[in-house]
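# Survey of secondary and tertiary structure
Next come the chains, spelled out residue by residue.
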There are 2 protein chains.
Amino acid sequence: MLNEGLVSQIAEELRGGRDGASLVEAYHTADIASALERLESDEARIAAFDAIPEEEAAEILAYLDDHYRSMILERSSAGKIGRIITHLDSDDAADILASVDDDIAEKVLRSVSDEAPEVVALLQYDEESAGGIMQTELMSAPGHFTVRQTIDAMAGKEEEIGDIHNVFVTDAQQRLVGVVPLRKLILAAQDKKMRDLVGEGPLVYATTEMDQEKVAQLFKRYDLVSLPVVDGDGRLTGRILIDDVVDVLEDEASEDIMKLVGANEEALDAGRSALQMARYRLPWLASSLVAGFITGGVILQFEGALKELVALTAFIPIIMGVSGNVSTQSSTLVIRGLATGKFNPEALTSYFVREVKIGVTLGAVCGVASALFALIWQGSPMLGVVVGVSLFLAIMCAAILGTIIPLFFRWVNIDPAIAGGPMVLALNDLTGVLIFFGIATSLISYLI
Amino acid sequence: MLNEGLVSQIAEELRGGRDGASLVEAYHTADIASALERLESDEARIAAFDAIPEEEAAEILAYLDDHYRSMILERSSAGKIGRIITHLDSDDAADILASVDDDIAEKVLRSVSDEAPEVVALLQYDEESAGGIMQTELMSAPGHFTVRQTIDAMAGKEEEIGDIHNVFVTDAQQRLVGVVPLRKLILAAQDKKMRDLVGEGPLVYATTEMDQEKVAQLFKRYDLVSLPVVDGDGRLTGRILIDDVVDVLEDEASEDIMKLVGANEEALDAGRSALQMARYRLPWLASSLVAGFITGGVILQFEGALKELVALTAFIPIIMGVSGNVSTQSSTLVIRGLATGKFNPEALTSYFVREVKIGVTLGAVCGVASALFALIWQGSPMLGVVVGVSLFLAIMCAAILGTIIPLFFRWVNIDPAIAGGPMVLALNDLTGVLIFFGIATSLISYLI
């Protein structure tokens, strides 16, 4: 956690009942939000929150973790929520409205609909689309405006818009025709027309229905700080700022990691109870329990071989553990490569061929090592061969399964991250055990 | 991958030998870089790269994946590298110099040291520190400058600096005293002094030796697009832009994910050979191989029990699989929580207590399920009890180990992500097997 000392100090001052107005002058609202989360009870949080002037309280609300935000909203009147969201940028306001109960949202909307029609408009978009993360506050100018006219127009709006990095230039139909960064505006002659300041080269923008992950990739690829969003007719309807995209990137990374281990992104939320957390994590455990039963059942099919040679049991953890590790590596590489855009779908065949080669190499090294170990430990050359060959084959299968399963999921338009960890692992345990006992049983007469 | 069609089209034009100068006018250099990576051979990549005008070639080099960048640099003369890096921002130039062989770097440095002393200066900083990712190109103004003077000064430097979002205001000793965003500058009266434009509230900056992960957290926390960097005496020495931080965030996330599965971040690099990839992945496999041998050895200590009751074998995958899943979930939650700063170190005890509660809940649910299954499957109530109690205890241990191990690593200042996946998993397999066979052996007379 950043700036531990600072946050502790603010929390101490909140506990001591320092006046909210003087607090927001001394500290950044992001730090006050963290301090608020540290307080001992929801009552203390509510009391501290209510003591903060509404404009800064609105910002703090936007910084709070979902859990604490919901808690505060649940205990606030529709009137107060309405006043708070008029202080916020339209995207944050829409997020807050989307997170409260429908009847409260409706009450709030009635009270603010005159001042904040854009917030109502934003609620129609899918939360994970460009429309869902954009804000309507932006600086635009028609192409025939001069630099002077544009700056004059900006003067009245700066307070409301907040950060301005670019002026978006539009035509007579409000269609986006170009982007002028402020550094260009500031250095241009006062009577220059905006349309003449627009740079050459392709124009980068998002459409309202574009997926937020794609929006994030646009920001990364073209090193953007702000991106215009247009509707189906090419009309400028909003903008997305880099700080919202940073949140998207982090959330997507957390989501992918959590899916890999079979948990939910919400499981990172510190405010949840043990019971809620257990519920998030249980579905994947249930699937790994079922997979375990099946693998166990398969093992018992080889009861005869096991009775004759108990030592076989000792190799189950090796086969399962090592090939499980290989399959998790392979599937994670594909999933992460797809998510970051580093994976080149044109090179699918060569990627697959390489993965098979990797499987062969890893299988050969681990196979020989385990064969030697089995030979030395159990004194049976034949057992060494069985263990080595089985591990070699199991690792090759693991590399192939780990690569193919996420690609298959992607192909049928299911998030490949879901296919990561647990599912690949379960399938892999099964193949590994089948290969090992299959070979061991067919060679059992040489083993005992 | 973003904009598949566009990249394929550019690659097609590169293959067709389209003139480099017209290419860079039509497309963004980021897209040309992706297209270059798609070409069939290194020879084709070199030929296409050499045909592109040097200024844009420099940008393309900065966009290329490490692997391809090294390949091109290895085959370029020191003179050409020197010319290329003079076109780049100082941070990108320093990165390139740091990535080539020492003798080439020295040659290049001699040829550019007059024009680019700042690049040489940047090489002294640790690659993962604020100094290592900052650039020296920035816009600063002394506090006594007027707005007019500042804008005039900017006019001569805009080309060299590139993106400008803020003017950093300094005192007579070059010490940072404040930050003025361009939107404030553009709207201020021309004769206003810069020092009077500096906002109130705490000043956010990095020191050169600050870790890049901490820098990234500053950007996230305070929604920054550019951050001033000061030396030990508080003098302004550079700035960091958000697009470099986005790369840091993504790299750190990839690094964490790769460590979780026991691979290297380099394993995401598409240009590596199968042998290199295998080498990256082998160390973790080796450790899981050793862990498997140990667990296997422990199992054979219970040979007697296994001989009397082969059915015990069938429950090894369940115990190992389910409790392994729990430990991976617990450790991943702690590791990701620490990395994103969502984990509140003040609440350590309450987090731990909650994790134990979660372990108990998950253990109880899975324990009962597996006990019922064992009872129905094997028709032995006592075996049901043994399996259920073992799984309950194994899951509790898994939750506790998964939480404690990463925290312990953090406490001794080792990256907790290393302690994730494989290590926790190996320890967990061992405890699970010990618990299960320990209980089963002591109750063996009731089981058969």
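The structure under discussion appears in the preceding block.
Residues numbered from 1 in each chain as written. Chains lettered and ligands numbered in written order. Predicted model: local features only at pLDDT ≥ 70, side-chain atom pairs only at ≥ 80, totals over all residues.

### Details of the interface of chain B and chain A
- Taken together, the contacts link 100 residues of chain B with 102 residues of chain A.
- Tallying contributions element by element places helix 17 (residues 274-300) of chain B first for the side of chain B that touches chain A, with 18 residues.
- Of the residues that constitute the side of chain B that touches chain A, the class distribution is 59 nonpolar, 23 polar and 18 charged. (Contact = placed C-beta atoms within 7 Å. Helix = DSSP H or I, 4+ residues; strand = E, 2+ residues; numbered from the N terminus. Nonpolar A, V, L, I, M, F, W, Y, C, P; charged D, E, K, R; others polar.)

### Topic: the relation of the copies chain B and chain A
- Overlaying chain B with chain A gives an RMSD of 0.1 Å, the required rotation being 180 degrees about an axis along which the chain moves by 0.0 Å. Within this description, the copies of the chain are treated as partners about a two-fold rotation axis.
- Here 100% of the interface residues in chain B have copies in chain A that are interface residues too; the copies meet face to matching face. (Least-squares fit on C-alpha atoms with pLDDT ≥ 70 in both.)

### Thoughts on helix 4 (residues 42-50) of chain A
All names here are of chain A.
- Turning to helix 4, its buried residues number three or more, namely R45, A48 and F49. Around the axis of helix 4, the buried residues are gathered within 100 degrees of arc, so they sit on the same side.
- On its buried side, helix 4 packs onto helix 1 (4-15), helix 3 (29-38), helix 5 (54-63) and helix 6 (66-74). (Buried ≥ 20, exposed ≤ 12 C-beta atoms within 10 Å, placed from the backbone. Arc of directions from axis to C-beta.)

### A short note on the sheet that holds strand 6 (residues 236-241) of chain B
Residues and elements named next belong to chain B.
- The mixed open sheet is built from 3 strands, whose spatial order is 4-5-6. Two strands close off the open sheet at either side, each with one partner strand: strand 4 (206-207) and strand 6.
- Of the pairings in the sheet, the one linking strand 5 (residues 226-230) to strand 6 comprises 5 bridges and is antiparallel in character. Bridge pairing in strand 6 places V229 opposite G238.
- Its contacts with the sheet place helix 16 (residues 242-260) against strand 5 and strand 6, and it is angled at close to 65 degrees to strand 6. (Pairing = 2+ DSSP bridges. Axes fitted to C-alpha atoms, helices over the stretch in contact; angles between N-to-C directions.)

### A short note on the sheet that holds strand 2 (residues 166-170) of chain B
All names here are of chain B.
- Strand order in the open sheet made by the 3 strands is 1-2-3, with mixed pairing throughout. Edge positions in the sheet fall to strand 1 (140-142) and strand 3 (176-181), since each has one partner strand and no second. Direction aside, the axes of adjacent strands within the sheet are offset by 30 degrees on average.

### Points about the packing of helix 16 (residues 242-260) of chain A against helix 19 (residues 316-340) of chain A
Residues and elements named next belong to chain A.
- Here helix 16 crosses helix 19 at 160 degrees, and the two axes come no closer than 11 Å. Our classification of the angle between helix 16 and helix 19 gives roughly antiparallel. Like other packed secondary-structure pairs, helix 16 and helix 19 cross with a definite hand, here right-handed. From helix 16, E252, D256 and L260 reach across to helix 19, where they touch T332, I335, R336 and A339. (Parallel < 35°, antiparallel > 145°, perpendicular 65-115°, else oblique. Left-handed = near helix turned anticlockwise from the far one by under 90°.)

### Examining the environment of Y27(B)
- Looking at where Y27(B) falls in the secondary structure, it is placed in the loop between helix 2 (20-26) and helix 3 (29-38).
- Once the C-alpha coordinates of Y27(B) and L372(B) are considered, the two residues, 345 residues apart in sequence, prove to be 64 Å apart.
- In contact with Y27(B), not counting residues within four places along its chain, are P202(A), I10(B) and I32(B).

### Overview of the packing of helix 3 of chain B against helix 5 (residues 54-63) of chain B
Residue and element names in this part refer to chain B.
- Helix 5 packs onto helix 3 with a crossing angle of 65 degrees between their chain directions and a minimal axis gap of 8 Å. For the element pair helix 3 / helix 5, the angle class is roughly perpendicular. Along this stretch, helix 3 crosses helix 5, giving a crossing that reads as right-handed. Contacts from T29, A30, I32, A33 and L36 in helix 3 reach E56, E59, I60 and Y63 in helix 5.
- Of the residues that constitute the contact of helix 3 with helix 5, the class distribution is 6 nonpolar, 1 polar and 2 charged.

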